[in-house]
Structures are given as structure tokens and as C-alpha cells.
Amino acid sequence: MDTRITLLPMTEAYAPGAARLDQITFPGEAWSEEAFLREARTPSSFYVVAVLGEEVVGFAGMQQVLDEGYITNIAVAESCRRKGLGRAMLGALIDHCRESGASFLTLEVRQSNAPAIALYESMGFLPEGRRKNFYRQPTEDAILMTKRDLSL
Ligand code: COA
């Protein structure tokens, strides 16, 4: 990972930057700044941000319900991709799950999203199902991927 980039827990101060990156990455389906603020304040949610100077260049987040971990989203700024940032942030979520006693971590991903699927597979997530027409604009199936062995 680029040594100028720092991985930090997402405090409220980073919510605007995370919302900005979300808007650039997922126009039309991005979360509001308020939604990120809410996540930063929710004890059962865990988010990390990657910060370069003053700028949020990555974020990844999950919500935990009892012993179940659900990844809500992960994004890396285009200029910072393919440098290990996605892997590092996902690793932080997996570490958090292990420490908080979760028994699995799961997510949904567009079936055409080859970079994300490759990242998840490389970190031990396995395809376990499909939600038909889950996404809009364009309409597309979601692949459900789950990591059950959090020790690896
Ligand atoms: N093509 C193929 N494999 C890719 C890839 C690509 N474009 N990008 C990542 N990978 C895989 C590779 O196995 C890579 O390991 P390697 O570089 O040693 O070959 C591994 O993932 C880790 O890559 P990393 O550099 O940590 O990923 P990243 O920082 O570029 O972040 C995403 C990956 C998916 C978060 C980033 O592409 C992104 O923000 N995409 C848009 C948002 C998105 O689709 N989020 C997921 C929603 S479910």
C-alpha cells in the first residue's frame, strides 16, 4: 500500500469525504452524508477510511447483527486503485469481525463487477447464492459472497 495513505476508523469528521467518494463511485445509488454520519455513530457498524493528505480516497463498511457481519460498501478512488487499498480495508473489516465474535461476513456484488469479485475471492469469500434483478440502472443480479472462516 502507498505509504502516504493512512487507514483510520471512520469518525464523523470523515463522513463528508466518504459521501463524496460514494457519489463519484456510485452515482444514482450513493448514500447521503447523513447516512455516513449515522454509520459513524452506530456502535454495531464499523467503517474504515483511507486518507491521503486531507482527502478520503477509500472507505469500507459493515454492519453487525448478533454474530452476522454484512458489508455495506467498499470503494477506492480511481487514481488509487490496484495498489492494495481495497485488500487492506477489507482485511480491517475481517479483523474487526474476528475480534467482535462474528461467525461470518457476507456481501452482495453485481455479477458484472469482476474487479470486486476478484478481490473478494482473493480474500476467501465464496459465492453462495444469487438475488435475481437485485440492482437497478442497469438491472442486474447480485451474487452473494460469504467468508465463513474468519481466521484466514
Ligand atoms: N481486475 C482484476 N482483479 C482485480 C482488479 C481488477 N481491476 N482490481 C482488484 N482486483 C483483485 C486482484 O486480485 C487484486 O490483487 P493483485 O493486485 O495482487 O492482482 C486484489 O483484487 C486486490 O486489489 P486492490 O488493489 O486491493 O483493490 P483496489 O484498491 O483497486 O480496490 C475495488 C478494489 C473493487 C474496491 C475498486 O476497484 C473499486 O472501488 N471499485 C468501484 C467500487 C466497487 O465496485 N465496489 C464494490 C461494490 S460490491
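Everything numeric here is computed off the predicted structure, so don't read it as measured data.

## Quick look at the pattern of salt bridges
Then, in step 1: According to the stated counting rule, one finds nine salt bridges in the structure shown.
Then, in step 2: A salt bridge links arginine 131 to glutamate 108; the shortest N-O distance between them is 3.1 Å. Linking arginine 131 in strand 6 (residues 126-135) with glutamate 108 in strand 5 (residues 104-110), this pair joins segments that are 23 residues apart in sequence.
Then, in step 3: Ionic pairing is found between aspartate 141 and lysine 132, a salt bridge with its closest N-O pair at 3.4 Å.
Then, in step 4: Its relative accessible area of 64% is what places lysine 132 among the exposed residues.
Then, in step 5: When salt bridges that share partners are traced, they join Glu29, Arg110 and Glu140 into one network.

## Here we look at the side chain of arginine 110
Then, in step 1: Positionally, arginine 110 belongs in strand 5.
Then, in step 2: Using a relative accessible area of 14% as the deciding quantity, one classes arginine 110 as buried.
Then, in step 3: Of the polar contacts made by the side chain of arginine 110, one reaches the side chain of glutamate 140; its length is 3.0 Å.
Then, in step 4: With residues up to four places along the chain from it excluded, the contact list for arginine 110 reads Glu29, Ile117, Tyr135, Arg136, Gln137, Pro138, Glu140 and Asp141.

About the thresholds
- Residues numbered from 1 in each chain as written.
- Predicted model: local features only at pLDDT ≥ 70, side-chain atom pairs only at ≥ 80, totals over all residues.
- Heavy atoms only, no water.
- Salt bridge = Lys/Arg side-chain N within 4 Å of Asp/Glu carboxyl O.
- Helix = DSSP H or I, 4+ residues; strand = E, 2+ residues; numbered from the N terminus.
- Buried < 20%, exposed > 50% of the residue type's maximum accessible area, 1.4 Å probe, protein only.
- Polar contact = N/O pair within 3.5 Å; in protein donor to acceptor, adjacent residues only side chain to side chain.
- Contact = heavy atoms within 4.5 Å.

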